[in-house]
Amino acid sequence: MKYLPFSLSLVAGFALIWVLSTRWGNIPPMGPFMDPDGGFWAQAERQPFSNLADKLPGLMDSVEVYFDDRRVPHVFAQNDHDLYYMQGYLQARDRLFQMELQTYDAAGRLSELVGPSLVERDRQSRRWGMVFGAEQALAEVQKHEPSWLIFKAYSAGVNAYINSLESEQYPLEYKLLDIAPEPWNPLKTALLHKNMTRTLAAGNSDISHSNTLAYFGPEFIEQFFDKDHNLLDPIIPISRSWDFERIPVRLPDTLFVPKVARGVQPFPVPEGIGSNNWAVSGDKTASGYPILSNDPHLRLTLPSIWYEIQLFAPGINTYGVSLLGAPGVVIGFNEQVAWGVTNVASDVLDWYEIRFENEEKDRYWHDGEWKPTTKRIEEIEVRGGETMVDTVVYTHHGPVSEVKSGNMHEQVGATEPIYHALRWIAHEPSNEIRAFYQLNRAKNYDDYVDALTHYQAPAQNFVFASVEGDIALWVNGQFPNKWDGQGRTVSDGTDPLYDWQGWIPREHNPHIKNPERGFVSSANQESTAPDYPYYMDDVYASFERGRRINDRLSEMYEITKDDMQALLMDNYSYHASEILPSMLEWVKTDSLYPIQIEVLDSLKAWNFYNNAPYRAPSVFRSWWSELYESILVDEYNADFPLRAPARDRLVQQLKDNPNFWMVDNQTTQGVETIQDLATISFKKAFDNLTESYGSWSDDWDWGWVINNNIPHLTQTNGLGALNLYSGGGIESVNATQGSSGPSWRMIVELGSEIKAWGVYPGGASGNPGSPNYDSMIESWRTGELYELRFYKEPPLDSDISLGQESKLLVKWSLHP
Amino acid sequence: MIILFLLIAGNAFILNLVLPWWSVVLPGLFFGYRMHETPIRAFGIGFLAVFLAWGVHSLYIHIASDGILSARIAELFGLMQDWVLIVITAVIGGILSGFATLTSSLLAQSRNKKY
């Protein structure tokens, strides 16, 4: 009895320790997390970033790294191995969690980290064959000795950093999730590329297009999806002629009609993922040398998708942004050339309806015979749950997913499972790192063209400019050679005529060098005019950004960096200028309140710029989306996905024929006119804005309504940058809107002394406890650019800060 | 009493630098057994010692880092004020040490009892 109080206290103490060391839901284990020495407090950066001289095992020779005032590392190595070893080490040091998260996601392993909530996403990743694709790529990389060395050196660098970590040094996110980093390997680098391919080249509307064709008929397709907007200005100027015959392909007599399917759309890509790039020739610039500019638009997150770095070693001196998890520079420049990328929306992903012999799925019908499948067992480990086992069946097309059937008209009851096989460029053997390896070292146009031949996916418009004065743009990637319309709908998996029959030869890819107009540009619009001999697809960005850039560049001369900067931040809305005047004519003012008339007047006075302090862009956008909705709502009321017309196509249609058949709401008795819809939708827009932002005031500023938020990668509260008062719009050159926008803005002025400027919404460090976590966001928001410090030789010791006196440069001297 | 307080606070701080978070219970366990305090006082002294050790430590980090991270973590936990985070940190440390000191003082007391 006498030990009872002691025992109770002891048990209570142990219980306390257990409670504090356990993760409750999303709440991290509070004991280790709050520990001032080892918990989150350890990530609160409080030491000044300072010089260092140290051993780094694994290096072959000594390396110097100079960190500039934005903490961008400039790596000076004496061989390729050490260069990429350091890139791996530094990226891991600044962004380890991001590197791991992206590759866990690509591999379909997120459930391992967070539990059952992400099992479905993981399963889709497995069914899309992401790891299969990465394995194909890695096999290809190993065939090219220099690439394989880089992969290994980079991995070793990442691991050197991981191995140096004690658990209290783990980045914040590891502590929040109560996990530990795992060793890096080259497959993860390949997975990262597959993740980019999924972000940029997984767009497809095969199922919805098939359904739309079956539901509305071919005339509808022609009207809304085949024709281009009359202001479309393709990437390769219309004047370009093609002096080759296409490689012929055999095509089926009639188009296969697939079963109507609901399908799955597991990886939706929001509009706003696009990009701009351009280069102007020396004839149009004040300096007489070309200027190149690029702003890739992506999901904006903290930390940023990009990592800025200078890489210097014998045979290479390049500066730009790299992806976390991959060696080399993706967008940047060297002493002779500059390059940048925008996405190509060509169709490199097709679904095939598969006929299996039976539910065993051991054989499928193709080319008049039963062919064997292969199976891949996918084990999805689930944190706090049972491992899920999924068998993914592979045909020669690719991995198979089961999709749900959809019902159309009286054909109710189509309940049998439908199987779609995925044919996707991401499953092809490829070695993109080799392309960047060569591009980073390119000296002229020919080197650039040669580098591009090694790049397959995700296809990009590679813009180029050189000190020699060349400008060029290649629509570059591996493109299947398709018959007209092939893969636009779900394909017949049994008929070889629907297989990808080969590739467009690289030299036939759309491209242009030194065009007469003195500039090249791209903004994700159609690659070419219709006379280009090959079929590449129809899901390109609306015409607006591309047209605006070309309009502006055509009329600009004596161009300087400041002109390019202004164009990067250009908020003009072609969309509004095209349709708003008509909308203002249609709206019936007699039923409006005085305050609504006042709002209308502000629209009439608007100059079509999506600038932050204007209220008109908020009203226009809300009005347009209500109008769009009200036109489509009755026709598009189906329980299977249908493909909706693009914004610019509907605008064109409304301008040509305001009362075309879709305007009338078929579910009502009377006949609605465009005047009715315009008025109703205007009132709705007014009500919506009033509900969200209060009465007509500065709170309606587009700067707020744009809803520009940059969340943390995991959407964790407190770790993002929210409510950034910004201008822009998805149809403007400055394509900021919501959580998408310019993820890196760069201008490079070629010349004997290359000058460059850049900014991205984030900072070098991925640590939320570092001042460098979000230090560039304000400059990014206001359109400022930093001059990039591009060293042609290692900086002098006199530039290096001693103690805290000067913040110019911090030097790390590392040796093996 | 002051001595016990200083011994626990100082040793907890030092141990925490080299050992994991739960090591802050060790000084309380060790010194609480030797210093004969009543259970309530033992708990109070143990609590206060690490409350202050962790509180001051985290307050120092908060100030030295301009509160950048504490503001974010406070928002993450839905706290209105950053300083609450420091209090929570201190309380967690304090409670751990309080129970440790209490436990060992109760053990010492029990061993001295006849029945």
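Keep in mind it's a predicted model, so treat the numbers as computed, not measured. (Residues numbered from 1 in each chain as written. Chains lettered and ligands numbered in written order. Predicted model: local features only at pLDDT ≥ 70, side-chain atom pairs only at ≥ 80, totals over all residues.)

## Concerning the overall build of chain A
Link 1 in the chain: Secondary structure summary: chain A contains 22 helices and 26 strands in total.
Link 2 in the chain: In terms of overall dimensions, chain A is globule-like: its C-alpha atoms have a radius of gyration of 28 Å, near the 28 Å expected for 816 residues.
Link 3 in the chain: Dimensions of chain A, computed from the C-alpha atoms along their principal axes, are close to 85 × 80 × 65 Å.
Link 4 in the chain: Across the 816 residues of chain A, 54% fall into the buried class.
Link 5 in the chain: Considering only contacts in chain A between residues 6 or more positions apart, those separated by 24 or more positions represent 72%. (Helix = DSSP H or I, 4+ residues; strand = E, 2+ residues; numbered from the N terminus. Rg over C-alpha atoms; globule rule 2.2 N^0.38 Å. Buried ≥ 20, exposed ≤ 12 C-beta atoms within 10 Å, placed from the backbone. Contact = placed C-beta atoms within 7 Å.)

## Considering the overall build of chain B
Link 1 in the chain: The helix and strand tally for chain B stands at five helices and zero strands.
Link 2 in the chain: N-terminal to C-terminal, the α/β element order of chain B is α-α-α-α-α.
Link 3 in the chain: Once the C-alpha set of chain B is aligned to its principal axes, its extents read approximately 55 × 25 × 25 Å.
Link 4 in the chain: Considering only residue pairs separated by 6 or more positions, chain B has 76% of its internal contacts joining residues 24 or more positions apart.

## A few points about helix α5 (residues 119-127) of chain A
Residues and elements named next belong to chain A.
Link 1 in the chain: All of the buried residues along α5 are Asp-122, Ser-125, Arg-126 and Arg-127.
Link 2 in the chain: Turning to α5, the residues buried within the fold contact α3 (80-106), α4 (110-114), α6 (130-141), β13 (374-380), β14 (388-394) and β15 (400-403).
Link 3 in the chain: Remark: Gly-129 follows α5 within two positions and exhibits a positive phi of approximately 65°.

## Structural notes on the interface of chain B and chain A
Link 1 in the chain: Between chain B and chain A, the contact holds 32 residues from the first and 33 residues from the second.
Link 2 in the chain: Of all the secondary-structure elements, those providing two or more residues to the side of chain B that touches chain A are α1 (2-18), α3 (39-64), α4 (68-76) and α5 (82-112) of chain B.
Link 3 in the chain: When residues in the side of chain B that touches chain A are grouped by element, the largest group, 12 residues, is from α5 of chain B.
Link 4 in the chain: In the side of chain B that touches chain A, the residues fall into 21 nonpolar, eight polar and three charged. (Nonpolar A, V, L, I, M, F, W, Y, C, P; charged D, E, K, R; others polar.)

## Comments concerning the nonpolar core
Link 1 in the chain: Residues Val-75, Ala-279, Phe-464 and Val-748 of chain A together with Val-50 of chain B are the most contacted members of the largest nonpolar core, which totals 215 residues.
Link 2 in the chain: When residues of this core are assigned to their parent elements, the largest contribution, 12 residues, is made by α3 of chain A.
Link 3 in the chain: Once residues lying within four places of it in the same chain are set aside, the contact partners of Phe-464 of chain A are Ala-279, Val-337, Trp-339, Tyr-445, Tyr-448, Ile-471, Ala-472 and Leu-473 of chain A. (Core = buried A, V, L, I, M, F, W, Y, C linked by C-beta atoms within 7 Å.)

## Quick notes on the sheet that holds strand β17 (residues 460-466) of chain A
Residue and element names in this part refer to chain A.
Link 1 in the chain: Spatial ordering of the open sheet is given by β1-β26-β2-β3-β6-β7-β8-β9-β17-β18-β20, a layout of 11 strands whose pairing is mixed. Two strands lie at the open edges of the sheet, namely β1 (52-55) and β20 (511-513), each paired on one side alone. Sheet twist, expressed as the average angle between the axes of neighbouring strands with direction ignored, equals 15°.
Link 2 in the chain: Pairing between strand β7 (residues 316-323) and strand β8 (residues 331-334): four bridges, direction antiparallel. Its bridge partner lying in β8, Gly-320 is registered against Gly-332. (Pairing = 2+ DSSP bridges. Axes fitted to C-alpha atoms, helices over the stretch in contact; angles between N-to-C directions.)

## Re the sheet that holds strand β10 (residues 349-354) of chain A
Residues and elements named next belong to chain A.
Link 1 in the chain: Taken in spatial order, the four strands of this open sheet run β15-β16-β10-β19, and their pairing is mixed. Among the strands making up the open sheet, the edge pair consists of β15 and β19 (491-492).
Link 2 in the chain: With six bridges joining them, β10 and strand β16 (residues 418-424) adopt antiparallel strand pairing. When the sheet's bridge partners are listed, Asp-350 is paired in β16 with Arg-423.

## Things to note about unusual backbone geometry
All names here are of chain A.
Link 1 in the chain: That bond from Leu-302 to Pro-303 is cis: its omega, -10°, falls within 30 degrees of zero.
Link 2 in the chain: In this fold, Pro-303 is placed in the loop between β5 (291-299) and β6 (306-313).
Link 3 in the chain: For the bond running from Ala-457 to Pro-458, omega is -10°, close enough to zero to count as cis.
Link 4 in the chain: Mapped onto the fold, Pro-458 is located in the loop between α13 (445-452) and β17.
Link 5 in the chain: Phi at Asn-524 is positive, roughly 65°, even though this residue is not glycine.
Link 6 in the chain: For Asn-524, the location among the structural elements is in the loop between β21 (519-522) and α14 (544-555).
Link 7 in the chain: Even without being a glycine, Gln-715 presents a positive backbone phi close to 60°.
Link 8 in the chain: On the basis of neighbour count, Gln-715 is assigned to the exposed category, with 10 C-beta atoms found within 10 Å.

## A look at the environment of Leu-627 of chain A
All names here are of chain A.
Link 1 in the chain: Positionally, Leu-627 belongs in helix α18 (residues 616-632).
Link 2 in the chain: Judged by the 25 C-beta atoms lying within 10 Å of it, Leu-627 is buried.
Link 3 in the chain: Each residue touching Leu-627, except ones within four places of it in the same chain, is listed here: Met-583, Leu-677, Ala-678 and Ser-681.

## A few points about the pairing of strand β12 (residues 369-372) of chain A
Residue and element names in this part refer to chain A.
Link 1 in the chain: Pairing of strand β11 (residues 363-366) with β12 involves four bridges; the strand directions are antiparallel. For Arg-363, the partnering residue across the bridge sits in β12 and is Pro-372.
Link 2 in the chain: Linking β11 back to β12 in an antiparallel pair, the connection comprises two residues, with Asp-367 at a positive phi of about 55°.

## Remarks on the packing of helix α12 (residues 432-440) of chain A against α13 of chain A
All names here are of chain A.
Link 1 in the chain: Between α12 and α13, the shortest axis-to-axis distance is 8 Å and the interhelical angle comes to 170°. Taken together, the axes of α12 and α13 are roughly antiparallel relative to one another. Counting all contacts with α12, which are made through Ala-435, Gln-438 and Leu-439, the residues of α13 involved are Asp-447, Tyr-448, Asp-450, Ala-451 and Leu-452.
Link 2 in the chain: Of the residues contributing to the contact of α12 with α13, the split by class is five nonpolar, one polar and two charged. (Parallel < 35°, antiparallel > 145°, perpendicular 65-115°, else oblique.)

## What to know about the packing of helix α1 (residues 4-20) of chain A against α5 of chain B
Link 1 in the chain: Relative to each other, α1 of chain A and α5 of chain B sit at 160°, their axes nearing to 8 Å. In this view, α1 of chain A runs roughly antiparallel relative to α5 of chain B, as classed from their interaxial angle. Judged by the sense of rotation from one axis to the other, the crossing of α1 of chain A with α5 of chain B is left-handed. Mapping the contact onto sequence places Pro-5, Phe-6, Ser-9, Leu-10, Ala-12, Gly-13, Leu-16 and Leu-20 of chain A in α1 of chain A and Ile-92, Ile-95, Leu-96, Phe-99, Ala-100, Leu-102, Thr-103, Leu-106, Leu-107 and Ser-110 of chain B in α5 of chain B.
Link 2 in the chain: Residue composition of the contact of α1 of chain A with α5 of chain B, by class: 14 nonpolar, four polar and no charged. (Left-handed = near helix turned anticlockwise from the far one by under 90°.)

## Focus on helix α19 (residues 647-656) of chain A
Given 3.6 residues per helical turn, the α-helix brings residues three or four places apart onto the same face.
Link 1 in the chain: Looking at α19 of chain A, one finds that the buried residues are Arg-647, Asp-648, Leu-650, Val-651, Gln-652 and Leu-654 of chain A.
Link 2 in the chain: In this structure, the buried side of α19 of chain A is in contact with α14, α16 (574-586) and α18 of chain A.

## Here we look at the environment of Met-34 of chain A
Link 1 in the chain: Following the sequence through the fold, Met-34 of chain A ends up in helix α2 (residues 30-34).
Link 2 in the chain: Through-space distance from the C-alpha of Met-34 of chain A to that of Lys-175 of chain A is 9.9 Å; in sequence the pair is 141 residues apart.
Link 3 in the chain: The residues contacting Met-34 of chain A, other than those within four sequence positions of it, are Gly-39 of chain A together with Ile-88, Thr-89 and Ile-92 of chain B.

## Regarding the confidence of the model for chain B
All names here are of chain B.
Link 1 in the chain: When pLDDT is averaged across chain B, the result is 91; 98% of the residues are at 70 or more.
Link 2 in the chain: When mean pLDDT is compared element by element in chain B, α4 scores highest at 96, while helix α2 (residues 25-34) scores lowest at 88.
Link 3 in the chain: With a pTM of 0.95, the predicted complex shows an ipTM of 0.96. (pLDDT = per-residue confidence, 0-100.)

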